[in-house]
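Structural overview for review
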Amino acid sequence: MTYIISDIHGEYELFCRLMEKIKFSQSDTLISCGDMIEKGKHSVRLAKLLFSMKNAVLLAGNHEYAFLKYYWGLMREATDYELVLCQLQEYFPFDGRLLDWETVDRMEALCYFHETASYICAHAGVPLDRDGHILPLKEATPEQLVYDRAFKEPDVLPKAGKCVFFGHTTSMSLGHGAQITRFLRDGKRGDHVRDYYKIHLDTDAWISGVLGCFRVEDCMEFYVCN
Ligand SMILES: [Mn+2]
């Protein structure tokens, strides 16, 4: 089975409980739509766990992108790489001491979108043309894919047949409560991902204490809460 999640934001224990709840196994796939780090206290611990999962597709969100921009800035001036690692560790006030170069390299290798025959995953959503058609993702900049706030609007709907999974803006700030929000296409039943324009995944776990994921095969949602 394939499970899609977003905006875990350092909530290591909630994430582990969610994986237990869904009985996540080697034959399953996890797709994380970004923002695994910051806000919560276990950013690096969570990142290392995700990077250790062979069956995980991990995307960058704006928080990973901001970290990478800080890293690239340090490297432009750097002569002492041990000092750079210390500075990177200080980026994470709670568990920065766990940060190593391998984790930094894995962060740098994150993708900005993931596309299959029936859906697309991107942290902030995807760029659309005026008619609502999805613009070629390979031409999109990382900034478009991790920062854009327009895609959250209820009337911004990708017309093409694929569903877009995204997070980035908290469901609380959208007035949806701490839950996954589905945008169903007209006349569709909703038992297949292609029946949806888009599915918003950010349950604001760090504040709400609720973390959820979406199972692609049967469109089921699963939650754990504090
Ligand atoms: Mn975000």
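These numbers were taken from a predicted model, which means no experiment stands behind them.

Within the sequence span of helix α2 (residues 43–52), burial applies to Ser43, Val44, Leu46 and Ala47. For α2, the angular spread of the buried residues around the axis is 160°, confining them to a single face. Taken together, the buried residues of α2 touch α1 (12–21) and α5 (101–108).

On to unusual backbone geometry, then. Phi is positive for His9, close to 45°, though the residue is something other than glycine. Here His9 is to be found in the loop between β1 (2–5) and α1. Given 27 C-beta atoms within a 10 Å radius, His9 is considered buried. Positive phi values are uncommon outside glycine, yet Cys219 reaches one of about 55°. Looking at the secondary structure, you find Cys219 in the loop between β9 (210–215) and β10 (220–225).

Pairing is mixed in the open sheet, where 5 strands are placed in the order β3-β2-β1-β9-β10. The sheet is open, and its two edges are formed by β3 (56–58) and β10, each paired on a single side. On average, each strand axis in the sheet is inclined to that of its neighbour by 20°, with strand direction left out of account. As paired elements, strand β2 (residues 29–32) and β3 share 3 bridges and run parallel to each other. Its bridge partner lying in β3, Ile31 is registered against Val57.

Our focus in this paragraph is the nonpolar core. Formed by 55 residues in total, the largest nonpolar core has its most connected members in Ile4, Cys33, Leu59, Cys121, Ala122, Phe165 and Leu201. Looking at which element gives the most residues to this core, the answer is α1, with 5 residues. Each residue touching Cys33, except ones within four places of it in the same chain, is listed here: Ile4, Ser6, Leu59, Cys121, Ala122, His123, Phe165, Phe166, Gly167 and Leu201.

With that settled, the discussion passes to the packing of α2 against α5. Contact pair α2 / α5: the axes reach a minimum separation of 10 Å and the direction vectors enclose 70°. With respect to their mutual orientation, α2 and α5 come out roughly perpendicular. As for the relative orientation of α2 and α5, their crossing is left-handed in sense. The segment α2 lies against α5, with Val44, Ala47, Lys48 and Phe51 engaging Thr103, Arg106 and Met107. Across the contact of α2 with α5, the residue classes break down as 4 nonpolar, 1 polar and 2 charged.

Calculation criteria
- Residues numbered from 1 in each chain as written.
- Predicted model: local features only at pLDDT ≥ 70, side-chain atom pairs only at ≥ 80, totals over all residues.
- Buried ≥ 20, exposed ≤ 12 C-beta atoms within 10 Å, placed from the backbone.
- Helix = DSSP H or I, 4+ residues; strand = E, 2+ residues; numbered from the N terminus.
- Arc of directions from axis to C-beta.
- Contact = placed C-beta atoms within 7 Å.
- Pairing = 2+ DSSP bridges.
- Axes fitted to C-alpha atoms, helices over the stretch in contact; angles between N-to-C directions.
- Core = buried A, V, L, I, M, F, W, Y, C linked by C-beta atoms within 7 Å.
- Parallel < 35°, antiparallel > 145°, perpendicular 65-115°, else oblique.
- Left-handed = near helix turned anticlockwise from the far one by under 90°.
- Nonpolar A, V, L, I, M, F, W, Y, C, P; charged D, E, K, R; others polar.

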